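A look at the structure
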Amino acid sequence: MKIDAVTIFPDYFAPLKLSLLGKAANAGLVNFEIHDLRKHATNVHNQVDDTPYGGGAGMVMMPEVWGQALDELMEPETDLIILTPAGKRFDQSMAQEYSKASHLVFACGRYEGIDDRVRQHYLNKGFRVHEVSIGDYVLGGGEVASLVMIESITRLIPGVLGNPDSLAEESHNEEGYLEYPNYTKPAIWRDISVPEILLSGNHGEIAKWRATQAIERANKNL
């Protein structure tokens with residue numbers, strides 16, 4: 001999979017070199033490229049934003065700068081993801097779907113967002129354009145949200161996780177249940193004991209207990 005991100009803060013994406021993401025890139029499973037939007041600015045001040053038509057607080061990111069940046073990246077198989085609080089809520093099923101893509105481009109807006117004509121233009125050109133939010137709150141920009149999505153998506157690509165069985169017991173699995181609580185040694189820590197069933201060696205009963213715990217956790221989060 002190829003992943004491009006366009007941003008005015010390229011250093012935000014340094015974590016892509018760490019842990020599983022870094023290993024996936026080194027193994028050739030994912031190709032990350034980060035692009036500085038300001039390189040496409042057209043004046044001496046490297047301006048990428050301007051005041052909004054109709055008035056109002058804040059600044060809006062200019063369409064021409066974004067158009068020049070994205071034109072270099074968009075291909076027929078590209079999925080363009082525009083991070084915005086107004087977008088569709090990102091979840092595990094979306095991560096599964098995006099993990100099957102061949103090319104993702106993340107447009108990381110700032111200020112009051114990206115001029116909406118950017119979205120309209122690429123839709124009109126027949127590209128797959130997605131407005132996505134990671135939650136009902138406001139961030140300073142799309143960089144953090146992009147990192148959340150990239151980690152969630154890429155770990156689903158075959159070969160990225162060292163133990164593929166880990167995907168079968170995800171914290172948010174395909175059935176919608178949350179992962180059961182986990183324990184390790186010692187059996188007693190600060191006067192709190194591991195549930196006896198986990199020490200029983202009865203794998204059938206352990207599986208039932210874990211399933212019950214997963215359902216209870218999911219119900220608490222409704």
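Proximity of charged atoms lets side chains of opposite charge pair with each other. The final tally for this structure, using the stated rule, is seven salt bridges. Notably, a salt bridge pairs Asp-4 with Lys-2, separated by 4.0 Å at the nearest N-O pair. Notably, a salt bridge pairs Arg-110 with Glu-143, separated by 2.9 Å at the nearest N-O pair. Here Arg-110 is found in the loop between β6 (103-107) and α4 (116-124), whereas its partner Glu-143 is found in helix α5 (residues 142-154), with 33 residues between them in sequence. The exposure class assigned to Arg-110 is buried, which follows from its relative accessible area of 13%.

Another point: the packing of helix α2 (residues 63-71) against α4. Between α2 and α4, the shortest axis-to-axis distance is 9 Å and the interhelical angle comes to 40°. In terms of orientation, α2 and α4 fall into the oblique class. The two elements α2 and α4 meet at a crossing, and its hand is right-handed. Judged by residue contacts, Pro-63, Trp-66, Gly-67, Leu-70 and Asp-71 of α2 engage Arg-117, Val-118 and Tyr-122 from α4. In the contact of α2 with α4, the residues fall into five nonpolar, one polar and two charged.

Looking at the largest pocket, its volume works out to about 420 Å³. Along its surface, the largest pocket is lined by 25 residues, and Leu-83, Thr-84, Pro-85, Gly-109 and Gly-113 are the ones closest to its centre. Put simply, the parts of the chain that give the lining of the largest pocket at least two residues each are β5 (78-89), α4, β7 (128-133) and α5. Of all the elements, β5 adds the most residues to the lining of the largest pocket, at four residues.

This part is about the environment of Lys-23. Along the chain, Lys-23 turns up in helix α1 (residues 19-26). Lys-23 sits in the exposed class, given a relative accessible area of 60%. Distance in space between the C-alpha atoms of Lys-23 and Leu-161 is 9.6 Å, their sequence separation being 138 residues.

Conventions adopted
Residues numbered from 1 in each chain as written. Predicted model: local features only at pLDDT ≥ 70, side-chain atom pairs only at ≥ 80, totals over all residues. Heavy atoms only, no water. Salt bridge = Lys/Arg side-chain N within 4 Å of Asp/Glu carboxyl O. Helix = DSSP H or I, 4+ residues; strand = E, 2+ residues; numbered from the N terminus. Buried < 20%, exposed > 50% of the residue type's maximum accessible area, 1.4 Å probe, protein only. Axes fitted to C-alpha atoms, helices over the stretch in contact; angles between N-to-C directions. Parallel < 35°, antiparallel > 145°, perpendicular 65-115°, else oblique. Left-handed = near helix turned anticlockwise from the far one by under 90°. Contact = heavy atoms within 4.5 Å. Nonpolar A, V, L, I, M, F, W, Y, C, P; charged D, E, K, R; others polar. 1 Å grid on protein atoms, 1.4 Å probe; cavity = no way out; pocket = protein on both sides within 12 Å on 5 of 7 lines; lining within 4 Å. Points joined across faces, edges and corners; volume = space filled by probe spheres on them.

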